Amino acid sequence: MEVILLNDYCWINGGASYAAIASARELAQRGIPVTFFGAVQPVAEALSHPNIRCLCLEQHEILKHPHRIQAASQGIYNRKAYQALQALLAEKDPAQTVIHVHLISKALSPAVMKLVLDSPFRVVATLHDYSISCPNGAFLVHPTTTICQRKPLSFSCMA
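By convention here, each chain's residues receive numbers from 1 onward along its written sequence. Local features in a predicted model are, by the rule used here, given only for residues with pLDDT of at least 70; side-chain atom pairs are given and counted only at 80 or more, and totals for whole chains, interfaces and linings are based on all residues. Values reported for side chains reflect all heavy atoms of the structure, with hydrogen atoms and water molecules removed beforehand.

Draft legend 1. Expanded view of the packing of aromatic side chains. In this scheme Phe, Tyr and Trp rings, the latter by its six-membered ring, pair at centre separations within 6.5 Å, and the angle between planes marks the pair as stacked below 30 degrees, edge-to-face above 60, and tilted otherwise. A full pass over the atoms with the stated rule returns 2 aromatic pairs. On the numbers, 5.8 Å between centres and 80° between planes, the contact of Tyr9 with Trp11 is edge-to-face. The class of Tyr9 is buried, set by a relative accessible area of 3%. Each residue's exposure class comes from its accessible area (1.4 Å probe, protein chains only) as a fraction of the maximum for that residue type: buried when under 20%, exposed when over 50%, partly exposed otherwise. Judged by its relative accessible area of 30%, Trp11 falls in the partly exposed class. Here Tyr77 and Tyr82 contribute two aromatic rings whose centre-to-centre distance is 5.7 Å and whose plane-to-plane angle is 35°, an arrangement assigned as tilted.

Draft legend 2. Here's a closer look at the sheet that holds strand β2 (residues 34-38). Should DSSP find at least two bridges between two strands, the strands are taken to pair. We count a stretch as a helix when DSSP gives it H or I for four or more residues in a row; a strand needs E for two or more, and each element gets its number in order from the N terminus. The strand order across the open sheet built from 5 strands is β3-β2-β1-β4-β5, with neighbouring strands paired in parallel fashion. Edge strands, defined here as strands with exactly one partner in the open sheet, are β3 (52-56) and β5 (122-125). Direction aside, neighbouring strands of the sheet carry axes that sit 20° apart on average. Its contacts with the sheet place helix α1 (residues 15-29) against β1 (2-6), β2 and β3, and it is angled at close to 160° to β2. Angles shown run from 0 to 180 degrees and are taken between the N-to-C directions of axes, each axis being a line fitted to C-alpha atoms and, for helices, limited to the stretch in contact. Contacts between residues were defined by any pair of non-hydrogen atoms, one from each residue, lying within 4.5 Å.

Draft legend 3. Structural view of the layout of surface pockets. As defined here, a cavity is a set of points on a 1 Å grid over the protein atoms alone where a 1.4 Å probe fits but cannot get out. A pocket is an open set with protein on both sides within 12 Å along at least five of seven lines, and residues line them when an atom is within 4 Å of a point. Grid points are joined across faces, edges and corners, and a volume is the space filled by probe spheres set on the points. Its volume calculated, the largest pocket comes out at about 690 Å³. In this structure, the largest pocket is lined by 25 residues; those nearest its centre are Ile104, Ser105, Asp129, Ser131 and Ile132. By volume, the second largest pocket amounts to about 190 Å³. Here the residues of the lining of the second largest pocket are counted per class, giving 8 nonpolar, 2 polar and 2 charged. Residues are grouped as follows: Ala, Val, Leu, Ile, Met, Phe, Trp, Tyr, Cys and Pro are nonpolar; Asp, Glu, Lys and Arg are charged; all remaining types, including Gly, are polar.

Draft legend 4. Region of interest: the pattern of salt bridges. Every case where a carboxyl oxygen of Asp or Glu lies within 4 Å of a side-chain nitrogen of Lys or Arg is listed as a salt bridge. The final tally for this structure, using the stated rule, is 5 salt bridges. One salt bridge in this structure joins Lys64 and Glu61, with 3.9 Å as the shortest N-O distance. For Lys64, a relative accessible area of 61% puts it in the exposed group. As a salt-bridge pair, Lys114 and Asp118 come within 2.5 Å of each other at their nearest N and O atoms. What makes Asp118 exposed here is its relative accessible area of 54%.

As structure tokens, this is what we get:
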């Protein structure tokens, strides 16, 4: 068995990346080959292990991208991530490979999720926030810091 782990960051910048990198390290220490696929560098020292292959695209986090139009494009559909993941998956056997998705909303974009879900691979997702059903990931109305009462992903929510 082999695991491909998707996470925006190749370094620990918070809880989601900590969990992604720790799980990669734990799997590797148990003899399971891991490909860690991320967008934002630097690469954490914890990913230095003989059973871990780290593919870092060396991209910017969307909110910190110096070119706003490129950032918007990357956030909507990260073509580089899609193509790199597509090439990686072409090397793998779906019967022997599991894809584990962690955080993809800050750099990798929904493009990789579409590719993963359309593939014959088994997929596991660790949901670190509420982004699957809330555009801001928090069920919070930020200007008023109140709990959002809208129906998730409804027109009112999206507007």
